[in-house]
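Below, each chain spelled out in residue letters.
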Number of protein chains: 2
Amino acid sequence: MRWTLPPQQVPQAWFNVLARMDHQLEPPLHPATRQPIGPDDLAPLFPMALIAQEVSNEPWVDIPGEVIDVLRLWRPTPLVRAHRLEQALLTPARIYYKDESVSPAGSHKPNTAVPQAYYNKVEGIKRLATETGAGQWGSALAFASALFDLECKVYMVRASYDQKPYRRVMMETWGASVVPSPVDDPSHPGSLGTAISDAVADAASRQDTHYSLGSVLNHVLLHQSVIGLEAREQLQLAGESLPDVVIGSCGGGSNLGGIALPFVRDETVRLVAVEPASCPTLTAGSFEYDFGDTAGLTPLLAMYTLGHDFVPPSIHAGGLRYHGDSPIISSLVKSGRMEAIAYPQGKVFDAAVQFARTQGSIPAPETSHAIRAVIDEALAAKEEGLERCILFSYSGHGLLDLSAYDDYLHGRLIQES
Amino acid sequence: MRWTLPPQQVPQAWFNVLARMDHQLEPPLHPATRQPIGPDDLAPLFPMALIAQEVSNEPWVDIPGEVIDVLRLWRPTPLVRAHRLEQALLTPARIYYKDESVSPAGSHKPNTAVPQAYYNKVEGIKRLATETGAGQWGSALAFASALFDLECKVYMVRASYDQKPYRRVMMETWGASVVPSPVDDPSHPGSLGTAISDAVADAASRQDTHYSLGSVLNHVLLHQSVIGLEAREQLQLAGESLPDVVIGSCGGGSNLGGIALPFVRDETVRLVAVEPASCPTLTAGSFEYDFGDTAGLTPLLAMYTLGHDFVPPSIHAGGLRYHGDSPIISSLVKSGRMEAIAYPQGKVFDAAVQFARTQGSIPAPETSHAIRAVIDEALAAKEEGLERCILFSYSGHGLLDLSAYDDYLHGRLIQES
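Conventions and cut-offs
- Residues numbered from 1 in each chain as written.
- Chains lettered and ligands numbered in written order.
- Predicted model: local features only at pLDDT ≥ 70, side-chain atom pairs only at ≥ 80, totals over all residues.
- Heavy atoms only, no water.
- Helix = DSSP H or I, 4+ residues; strand = E, 2+ residues; numbered from the N terminus.
- Rg over C-alpha atoms; globule rule 2.2 N^0.38 Å.
- Buried < 20%, exposed > 50% of the residue type's maximum accessible area, 1.4 Å probe, protein only.
- Contact = heavy atoms within 4.5 Å.
- Areas by Shrake-Rupley, 256 points an atom, 1.4 Å probe, with all protein chains shown as cover.
- Lys, Arg positive; Asp, Glu negative; His and termini not counted.
- Charge placed at Lys NZ, Arg CZ, Asp CG, Glu CD.
- Pairing = 2+ DSSP bridges.
- Axes fitted to C-alpha atoms, helices over the stretch in contact; angles between N-to-C directions.
- Polar contact = N/O pair within 3.5 Å; in protein donor to acceptor, adjacent residues only side chain to side chain.
- Buried area = accessible area lost by both parts, 1.4 Å probe.
- Salt bridge = Lys/Arg side-chain N within 4 Å of Asp/Glu carboxyl O.
- Parallel < 35°, antiparallel > 145°, perpendicular 65-115°, else oblique.
- Nonpolar A, V, L, I, M, F, W, Y, C, P; charged D, E, K, R; others polar.
- Least-squares fit on C-alpha atoms with pLDDT ≥ 70 in both.
- Core = buried A, V, L, I, M, F, W, Y, C linked by side-chain atoms within 4.5 Å.
- 1 Å grid on protein atoms, 1.4 Å probe; cavity = no way out; pocket = protein on both sides within 12 Å on 5 of 7 lines; lining within 4 Å.
- Points joined across faces, edges and corners; volume = space filled by probe spheres on them.

S.K.: Which parts of the structure should I look at to understand the overall build of chain A?
M.R.: When helices and strands are counted, chain A shows 16 helices and 15 strands. Against the 2.2 N^0.38 benchmark of 22 Å for 417 residues, chain A shows a C-alpha radius of gyration of 20 Å, consistent with a compact globule. For chain A, the C-alpha atoms occupy an extent of roughly 60 × 45 × 40 Å along the three principal directions. Among the 417 residues that make up chain A, the fraction classed as buried is 66%. Taking all contacts inside chain A whose residues are at least 6 apart in sequence as the whole, residues at least 24 apart take part in 77%. Looking at chain A as shown, the accessible area adds up to about 13900 Å², and 50% of this sits on carbon and sulfur atoms. Within chain A, one finds 31 positive and 47 negative side-chain charges whose respective centroids are separated by 5 Å.

S.K.: How should I be thinking about unusual backbone geometry in this particular structure?
M.R.: In most cases, non-glycine residues show a negative phi, while peptide bonds are predominantly trans. Residue and element names in this part refer to chain B. Going from Arg75 to Pro76, the amide bond is cis rather than trans, its omega being -10°. Positionally, Pro76 belongs in the loop between helix H3 (65-71) and strand E4 (79-81). Residues Ser181 and Pro182 are joined by a peptide bond in cis, for which omega reads 5°. Here Pro182 shows up in the loop between strand E8 (177-181) and helix H9 (192-204). The phi dihedral of Asp149 is positive, around 60°, even though this residue is not glycine. Summarising the element assignment, Asp149 is placed in the loop between helix H6 (136-147) and strand E7 (151-157).

S.K.: Would you mind showing me how to read the sheet that holds strand E10 (residues 245-249) of chain B here?
M.R.: Strand-to-strand pairing in sheets goes through backbone hydrogen bonds, with the strands running parallel or antiparallel. All names here are of chain B. The strand order across the open sheet formed by seven strands is E1-E4-E5-E15-E10-E11-E14, and the pairing between neighbours is mixed. Of all strands in the sheet, those bounded by a partner on one side alone are strand E1 (2-3) and strand E14 (338-343). In terms of strand pairing, E4 meets strand E5 (residues 93-99) through three bridges, oriented antiparallel. Residue pairing across strands places Val80 opposite Tyr97, the latter belonging to E5. In this fold helix H14 (residues 345-359) packs onto E4, E5, E14 and strand E15 (388-394), with an angle of close to 95° to the strand it touches most, E14.

S.K.: What am I meant to see in the side chain of Thr130 of chain A here?
M.R.: As for its position among the elements, Thr130 of chain A is in strand E6 (residues 127-132). Side-chain polar atoms of Thr130 of chain A contact the backbone oxygen of Ser212 of chain A, separated by 2.5 Å.

S.K.: Whenever I open this one, the environment of Ala370 of chain A confuses me. Can you help?
M.R.: All names here are of chain A. Structurally, the position occupied by Ala370 is in helix H15 (residues 365-384). Between the C-alpha atoms of Ala370 and Leu229, which are 141 residues apart in sequence, the distance is 19 Å. In this structure, Ala370 is in contact with Ile247, Gly248, Ser249, Val274, Phe392 and Ser393, ignoring residues within four places of it in sequence.

S.K.: Sorry, what's going on with the sheet that holds strand E7 (residues 151-157) of chain A here?
M.R.: All names here are of chain A. Spatially, the four strands line up as an open sheet ordered E8-E7-E6-E9, and their pairing is parallel. Of all strands in the sheet, those with a lone pairing partner are strand E8 (177-181) and strand E9 (209-211), marking the two edges. The mean angle between the axes of side-by-side strands here comes to 25°, regardless of whether they run parallel or antiparallel. Here three bridges tie E6 to E9, and the two strands are oriented parallel to one another. Directly across from Arg127, in E9, lies its bridge partner Thr209.

S.K.: I keep staring at the interface of chain A and chain B and nothing clicks. Help me out?
M.R.: One frequently used descriptor of interface size is the decrease in accessible area upon assembly of the parts. Counting from both sides, the interface comprises 44 residues of chain A and, opposite them, 44 residues of chain B. Carbon and sulfur atoms make up 59% of the surface buried where chain A meets chain B, a total of about 3800 Å² over both sides. By the criterion of area lost to chain B, the three top residues of chain A are Arg2, Tyr166 and Thr173 of chain A, representing 18% of everything that side buries. On the surface where chain A and chain B come into contact, there are two salt bridges. Here Arg168 of chain A ties to Asp406 of chain B by a salt bridge, and the two come within 3.3 Å at their closest N and O atoms. For the interface between chain A and chain B, the tally reads 16 residue pairs in polar contact (both at pLDDT 80 or more).

S.K.: What's the story with the packing of H14 of chain B against helix H16 (residues 402-409) of chain B in this structure? I'm lost.
M.R.: In a packed pair of helices, the relevant descriptors are the angle between the two axes and the axis-to-axis distance. Residue and element names in this part refer to chain B. Remark: H14 packs on H16, axes separated minimally by 11 Å, with the N-to-C direction vectors making an angle of 105°. What the angle tells us is that H14 and H16 run roughly perpendicular. Residues Gly346, Phe349, Asp350, Ala352, Val353 and Arg357 of H14 form the contact with H16, whose own contacting residues are Ala404, Tyr405, Tyr408 and Leu409. Of the residues in the contact of H14 with H16, the class split is seven nonpolar, one polar and two charged.

S.K.: What is the right way to look at the relation of the copies chain A and chain B in this model?
M.R.: Related by rotation about an axis and a shift along that axis, the two copies of the chain form a pair. Mapping chain A onto chain B is achieved by rotating through 180° and translating by 0.0 Å along the same axis, at an RMSD of 0.0 Å. Between the two chains, the operation in question is that of a two-fold axis. The share of interface residues of chain A whose copies in chain B are also at the interface is 100%, consistent with both copies meeting through the same surface.

S.K.: What exactly am I supposed to notice about helix H13 (residues 327-335) of chain B here?
M.R.: Residues that lie three or four places apart on an α-helix share one face, since the helix turns once every 3.6 residues. Residue and element names in this part refer to chain B. In terms of residue burial, H13 counts as a mostly covered element, since seven of its nine residues are buried. Looking at H13, one finds that the buried residues are Pro327, Ile328, Ile329, Ser330, Ser331, Leu332 and Val333. Residues of H13 that are buried make contact with helix H10 (218-237), helix H11 (254-260), helix H12 (281-284), strand E12 (286-291), strand E13 (300-305) and E14. A side-chain oxygen of the first residue of H13 lies 3.1 Å from the backbone nitrogen of Ile328; this N-cap is Ser326.

S.K.: So what exactly am I meant to see when it comes to the nonpolar core here?
M.R.: Nonpolar side chains tend toward joint burial in soluble globular proteins. With 101 residues, the main nonpolar core has Val114 of chain A together with Val114 of chain B as its most contacted residues. Excluding its chain neighbours within four sequence positions, the residues that come into contact with Val114 of chain B are Val67, Val70, Leu71, Trp74, Phe143, Ala144 and Phe148 of chain B.

S.K.: Mind showing me how you'd approach empty space enclosed by the protein here?
M.R.: Summary: where empty space remains is shown by rolling a probe the size of a single water molecule over the atoms. Scanning all chains against the criterion turns up seven cavities of 30 Å³ or more. By volume, the largest cavity amounts to about 880 Å³. Contributing to the lining of the largest cavity are 45 residues, with Asp99, Ser101 and Val102 of chain A together with Ser101 and Val102 of chain B lying nearest its centre. Mapped by element, the contributors of at least two residues to the lining of the largest cavity are strand E5 (93-99) of chain A together with E5 of chain B.

Listed below in structure tokens is the structure:
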């Protein structure tokens, strides 16, 4: 069963968890002075509206009408009960997922790409520069840029650029220009860290250009709150009060934040981050100030990190291959409000294929991390003989990741140590 | 704006146009005797329920509950008003599309794959054999077979098998077995005709196996009527009475039939078939009895055909590369009730990219044929200074066809004569 809402019911305001957290986040520091940064330090990269949102303490932030008009192309997204998966697992748990794969770019990423493009357009910016790993974020910003008539330049991690040509084509279809990163070393496979460095350097060097980031930052998680806000309403329609547990895959934290943060004040609701065992930021990293990129161009953020020079193995969930994590998510894990768990990709693909063969939809490798944890939660409920209401974010489809399924089905997944 | 309906409003019955046509179709003939075939001739290939539907004259055929349960995974599909495309065209026309791309397989094809799998399952069949060209149909049947626990063997046109490995992987993810066709000649690029021959031969040789066809036949168009039935209801919600014109791309005719046939008795509504200039069955073929496949194993159908040995050029809209056409669609074109128009693929991709950059979604090459015709209708309305309500079927997304966009964007589309 699916619960849909009419386009008129897209949320009118974003939920700002910063106004609802028990303690304040530690401030970002300037990369050179190591002093807290101010708005002026960020102005060369971001429009003032986003800089204001980054530090806002208002619990609700109005969504501009022009942004809502675009979100309505696919929002509200459906909430789906995974009946067939439940039946296959013989579990008493009730499993719901918020289907963010229905956006034109196929993931939750346009939820923030659209307002980012909008605020830049309003401030007179003509061109956006960004990085992308597997391509989900670059696709989303290319889509949003097309709708607001902005130029879009995407620095794509070279390994993905070479291995996933269709993501490049998708971005080009929306009119974006895509180049492999690092731009100055054609023999380097690249990483999200190098691609961020390239995009920041581009934006800093041109008056008409801003930088756009698809995760990690507070304003990105703010924009993603529409996921959880809609899900709360749809769970009511489904006859549920609150979920027992909310689960999301976590790379930089935007998908997880989107589904989980609107439940942060509901103390009975467990919040669970799922990450790859080969890039275990939350489960094995340390909480400290670190750069967001490899070259050390970005502000220092207080977060869990594996070190800004950490290069994770080439697992297929490229969107989760990030050394750091959102300061908001990091803070929630540090305080114990949020749990974190890590899985190797073989177990993740087992879950992905079980999902595809029961529910029909083929999930992205990133999303499949959450599905692995959901299945294990549902099996635990069965073991304990307890009902349990599980909510997760189906953050994206896997239709541009089928080479990963090919590797899995034919025994060619890389073995992680 | 989008108009959604809750899953409870999936149609409870299919609309059977055979009960509403002005004259009867000419009967299929046995390939050997050239006499009208009876149910027994078809029993080795199809379950009796589908054979009965093929010749039913009941105007409404109940949809089984187990089929509705599966259709509800994605149906009712949204009806979308293409405001942004209208604005880009500066047209007074109102453009609506029925978004069939939201199914797990990404097209309208599961609408018939699901009931076909169901009826075979009920009759004790263990295994289905079918053909696929570009892969849309094979994907749909692989998906449906997974949900009803049937084995599925797909004979895929060799040229597509080699060029579109991701479609194969999609089918394998759902558990299907996929081989290139023709199976007995590895140097032959294959065609839908050869693949049908392979699949029919497979099904005819095994007691536990039936054959499944994704278009052309009456029962397939019957199952696709859910598209137009839902669209009628959603247009009312949008404040429209009837559309002025209904447009669909046409290969074998199932997508077009699905959107158009529920409007066949509304005489003010123009019905338009759009096909590729390089495979112009309706616009340049002749109406006569012909085989559905290359080897002459299928019954002879009275239809427009380019000849069963016609091999169309390798355009990207593989789903439209068929020498024949649905007898229902052929009859409507012959009688003048339906118009037909053909476009070369360069003009089709111009329309596809304009759609992607305004509405956000990237259409399948097949679907883009309809979009080309829609844009030309909307521009004609502007020229004439007339309002016009246009409805078309957005039959599938192009996320597994991005290599076609790559060719288009970089000037590598083949030139058609």
